[in-house]
Amino acid sequence: MTDKPYDYYIDFVTKRYFHGVDNYDMNMVLDCFHEDATLTEVTSMTVHEGRDAGIKTMFEGFLGAHSRVWHGNFVHTCDTKEASVCSQFSVEVTPHGESEPLRYENCNRFYIKDGKFSSVFIYMSGENLLK
Amino acid sequence: MQYQSSLDRAGLIELAINRYFGSVDAKDLDAVVDCFHDNAMITVQTAFTIHEGKENIKRMFIDFMGAHKTIIHKDFTCTVDEGNGRIVASFTAELENDDGSWTRLSNTNFWRIRDDKFQEVYIYMSGDNPLT
């Protein structure tokens, strides 16, 4: 058993990470990751390494390409013994210059060490947006 | 949907990894289908493919098992939410095709358990969907 309660993991994923992404708060987003964290988009096997390198660059590109980003309809599977959260959710993103959002049904696997993400794995239902 | 599960942590792992994947790899169709409720649903989320009801799920597995000479699921990493009757596993799937070639996938399954069987299963795949 880790020292974090169940609600810590759920709140960390939703109220910090996804809240930060949806509100374009890059500092809040990056603060969720350890410096040596990795983020892998599995459906295209794209690996982003390092909070202040690959992960930051990826989020700059992703947030810069869309006028609106929304994550919701969450169902979480949370394991306090293994310090991991696997989340299913819907994503709506509106590319700049477009009026209609694109919708995806994705999942993320978050592995957490000392309260922050050490590795994140993403599966996307359509084209990889996290290049 | 939130379901009531009767399985503890060890029971969830036993159902998903040993009974389900063990039976898939052994091509034991009856044992695989017995893991599901009659009105269960499998969704391959990355391909937007849905199989509803035990008979449709059985048909899908007949095709899947017939299309591959060897089926291997291994290298499981489990996330278990005992209080909510949910388990997730990431794993490697190795499938030997009829021509002797192999397909390797890095997948993640989400299972939602009602009582002691699968009610909903969601599969996220790294490549083309073989569960058609």
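What comes next concerns the included structure.

Rules of the game
- Residues numbered from 1 in each chain as written.
- Chains lettered and ligands numbered in written order.
- Predicted model: local features only at pLDDT ≥ 70, side-chain atom pairs only at ≥ 80, totals over all residues.
- Pairing = 2+ DSSP bridges.
- Helix = DSSP H or I, 4+ residues; strand = E, 2+ residues; numbered from the N terminus.
- Axes fitted to C-alpha atoms, helices over the stretch in contact; angles between N-to-C directions.
- Contact = placed C-beta atoms within 7 Å.
- Core = buried A, V, L, I, M, F, W, Y, C linked by C-beta atoms within 7 Å.
- Buried ≥ 20, exposed ≤ 12 C-beta atoms within 10 Å, placed from the backbone.

With that settled, the discussion passes to the sheet that holds strand β1 (residues 33-41) of chain A. All names here are of chain A. With mixed pairing, the six strands of this open sheet are ordered in space as β2-β1-β6-β5-β4-β3. Among the strands making up the open sheet, the edge pair consists of β2 (46-49) and β3 (66-79). The mean inter-strand angle of the sheet, taken between neighbouring strand axes irrespective of direction, is 20°. Sheet topology places β3 next to strand β4 (residues 84-95); eleven bridges connect them, and they run antiparallel. Within β4, the residue paired with His76 across the bridge is Ser87. On the sheet, helix α1 (residues 6-22) packs against β3, β4 and β5 (102-113) and is oriented at approximately 170° with respect to β3. Helix α3 (residues 50-64) contacts β1, β2 and β3 of the sheet and is inclined by roughly 50° relative to β1.

Moving on: the nonpolar core. Judged by nonpolar contacts, the single largest core of 52 residues is most densely connected at A:Phe117, B:Ala16, B:Tyr20, B:Ile87, B:Trp111, B:Phe118 and B:Ile123. If one sorts the elements of this core by residue count, helix α1 (residues 9-25) of chain B sits on top with six residues. Excluding residues within four positions of it along the chain, B:Ile87 makes contact with A:Thr77, B:Leu12, B:Ile13, B:Ala16, B:Cys78, B:Val80 and B:Trp111.

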